[in-house]
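Listed below are the residues making up each chain.
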Amino acid sequence: MYELIDSHSHIDEIENTDSVIAEARKNHVMAVIAVGTSFLSNQRIMALAEIYPDYLYPALGLFPWNIADEDFQDNMNYIGENIHRAIGMGEIGLDYSKGVKERASREDQQSVFRELLATAKANNKPALIHSRYSWKDCFNITQEVEVEKAVFHWYTGPLSILNQIIESGYYISASPAAEYHEEHRAAIKAVPLERLILETDSPVTYRRGTEFEYDSRPADVVRTLYAISEIKNIDRVTAAKITLENAVRLFNL
Ligand SMILES: [Zn+2]
């Protein structure tokens, strides 16, 4: 058999944590990395990590669209004070979709991202990066700050930037959208297996036309495994083993 790590879950947004974790354990999930996005979610995740030690590992972060929040500075302070207790810095990054840019300009997003990456680097923590429509800037800034450990989560960007990500020693993560999303599948096909880790981004709702629609849970990382093993044309046990080793290496588990 095999074991899996869900390297990116917003588990604080899912009710009944006990049953969600029990279901994950039953589906071979041996650890979940819980990512924060705001002052409130970071505090929730740190509290959950104390309830599920050696299973739920916290990462602290700030979504670009939360830059406009009233408690933005409180969150920045909280991250600085608690990052040593977390496994990584995330979810952080840039988002150039229209709705987000209306809340936070590119310039503001970039300066916050730079500051958070510098904190990650100073604390030797890997960065979990959200790069929607901002792949090039995300990569360039990560390089400029000389961050050594990073994962570009649910990567759907151009393959030319993916090559730079790989050359720089960074990783990408695959989500359950690997079952159907064209750009995501192309990235998974192109990345060496040694630079790929698995995630769910739960509770994101995945849908494929009229075929299916579901709110994801950490247990759905099994779907990600099945999809990547199909794309890479390797058996599931081998795919699980290598992606697990990658996550252990990246997060120093
Ligand atoms: Zn996320």
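Position numbers for residues count from 1 along each chain, tracking the sequence in the order it is written. In view of the model being predicted, local features appear only for residues whose pLDDT reaches at least 70, and side-chain atom pairs are presented and counted only at 80 or more, with totals across whole chains, interfaces and linings using the full set of residues. Each side-chain value is worked out from all heavy atoms of the structure, with water and hydrogens disregarded.

### Some thoughts on the packing of helix 8 (residues 182–190) against helix 9 (residues 221–232)
Where we set the bar: The convention used is that axes are lines fitted to C-alpha atoms, helices contributing only their stretch in contact, and that angles between N-to-C directions extend from 0 to 180 degrees. A run of DSSP states H or I qualifies as a helix once it reaches four residues; a run of E qualifies as a strand once it reaches two. Both are numbered from the N-terminal end. Take the far helix as your reference; a near helix turned counterclockwise from it by less than a right angle gives a left-handed crossing, and one turned clockwise gives a right-handed crossing. By definition in these notes, contact holds between two residues if any of their heavy atoms fall within 4.5 Å.
Running from N to C, helix 8 and helix 9 point in directions that differ by 65 degrees, and their axes come no closer than 9 Å. Pair helix 8 / helix 9 crosses with right-handed handedness. Packed against helix 8, whose contacting residues are Arg 185, Ile 188, Lys 189 and Ala 190, the element helix 9 presents Ile 228, Glu 230, Ile 231 and Lys 232 at the interface.

### So, the coordination of the zinc ion
The line we're drawing: Keep in mind that water is not among the atoms, so a site may look incomplete; donors are the N, O and S atoms within 2.8 Å of the metal, or 3.2 Å for Na, K and Ca. Geometry is assigned from the angles between donors: four donors with all angles from 85 to 135 degrees make a tetrahedral site, four or six donors whose opposite pairs exceed 155 degrees while the rest stay between 65 and 115 make square planar or octahedral sites respectively, and everything else is labelled irregular. Using a 1.4 Å probe on the protein chains alone, a residue whose accessible area is under 20% of its type maximum counts as buried, one over 50% counts as exposed, and one in between counts as partly exposed.
Within the protein, the zinc ion binds to His 8 (NE2), His 10 (NE2), Glu 91 (OE) and Asp 201 (OD); these donor distances fall in the range 2.1 to 2.2 Å. Around the zinc ion sit 4 donor atoms, and with donor-metal-donor angles ranging over 84 to 171 degrees the site reads as irregular. Sequence spacing of the donors to the zinc ion: H-x1-H-x80-E-x109-D. Taken together, the positions of His 10 in the loop between strand 1 (4–9) and helix 1 (17–26) and Glu 91 in strand 4 (residues 88–93) put the pair 81 residues apart, joining distant regions of the chain. Accessibility assignment for this pair places His 10 and Glu 91 in one class, buried.

### Points about the pairing of strand 1
Short version of the rule: Here the rule is simple: two strands pair whenever DSSP picks up at least two bridges between them. Handedness rule for crossovers: strands pointing away from the viewer, path from the first strand over the helix to the second running clockwise, crossover right-handed.
In terms of burial, strand 1 is a largely internal element, 6 of the 6 residues being buried. With 4 bridges joining them, strand 1 and strand 2 (residues 29–35) adopt parallel strand pairing. If you follow Ser 9 over to strand 2, its bridge partner there is Ala 34. Between the parallel pair strand 1 and strand 2, the chain is carried across by helix 1, and the sense of this crossover is right-handed.

### A few points about the environment of Phe 72
Here Phe 72 shows up in helix 3 (residues 72–82). Along the sequence, Phe 72 and Phe 39 sit 33 residues apart, while their C-alpha atoms lie 7.2 Å from each other. Each residue touching Phe 72, except ones within four places of it in the same chain, is listed here: Leu 62, Asn 66, Ile 67 and Val 112.

### A word on helix 3
Rule in force here: Note that the arc is computed from the directions linking the helix axis to the C-beta atoms.
Taken as a whole, helix 3 has its buried residues at Phe 72, Asn 75, Met 76, Tyr 78, Ile 79 and Asn 82. Along the axis of helix 3, the buried residues cluster in a sector spanning 160 degrees; they form a single face.

### Overview of the nonpolar core
We apply this condition: The criterion is simple. A nonpolar core is a set of buried Ala, Val, Leu, Ile, Met, Phe, Trp, Tyr and Cys residues joined through side-chain atoms within 4.5 Å.
In terms of nonpolar packing, the biggest core is built from 70 residues, with Phe 152, Tyr 155, Ile 172 and Ile 228 touching the most fellow members. Looking at this core element by element, the count peaks at 6 residues for helix 9. The residues contacting Phe 152, other than those within four sequence positions of it, are Ile 129, Ser 131, Cys 138, Phe 139, Thr 142, Ile 165, Tyr 170, Tyr 171, Ile 172 and Ser 173. Counting 14 residues, the second largest nonpolar core, distinct from the first, contains Ile 33, Ile 197, Leu 244 and Leu 250.

### A short note on helix 1
Buried residues of helix 1: Thr 17, Val 20, Ile 21 and Ala 24, and no others. The buried residues of helix 1 occupy an angular sector of 95 degrees when projected down its axis, which confines them to one face. Turned more than 90 degrees away from the buried face of helix 1 sit Asp 18 and Lys 26, all of them exposed. Taken together, the buried residues of helix 1 touch strand 2, helix 2 (39–51) and strand 3 (56–60). With its phi angle positive at about 70 degrees, His 28 sits one or two positions after the end of helix 1.

### Some details on the pairing of strand 5 (residues 127–130)
Residues Ala 127 and Ile 129 of strand 5 are buried on one face, and the alternating residues Leu 128 and His 130, pointing to the opposite face, are buried as well. In terms of strand pairing, strand 4 meets strand 5 through 3 bridges, oriented parallel. The partner of Met 89 across the bridge, within strand 5, is Ala 127. Alignment of strand 5 against strand 6 (residues 150–152), held across 3 bridges, turns out to be parallel. The residue bridging Ala 127 from the neighbouring strand is Ala 150, located in strand 6.

### Considering the packing of helix 5 (residues 106–122) against helix 6 (residues 135–144)
Here is the rule we go by: Note on terminology: angles under 35 degrees are roughly parallel, angles over 145 are roughly antiparallel, angles of 65 to 115 are roughly perpendicular, and the others are oblique. In this classification, the charged set is Asp, Glu, Lys and Arg, the nonpolar set is Ala, Val, Leu, Ile, Met, Phe, Trp, Tyr, Cys and Pro, and all remaining amino acids, among them Gly, are polar.
For the pair helix 5 and helix 6, the least separation of the axes is 10 Å and the interaxial angle reads 40 degrees. By the angle class used here, helix 5 and helix 6 are oblique. Handedness of the crossing formed by helix 5 with helix 6: right-handed. Across the interface between the two elements, Gln 110, Phe 113, Arg 114 and Leu 117 of helix 5 pack against Asp 137, Cys 138, Ile 141, Thr 142 and Glu 144 of helix 6. Within the contact of helix 5 with helix 6, the residues separate by chemical class into 4 nonpolar, 2 polar and 3 charged.

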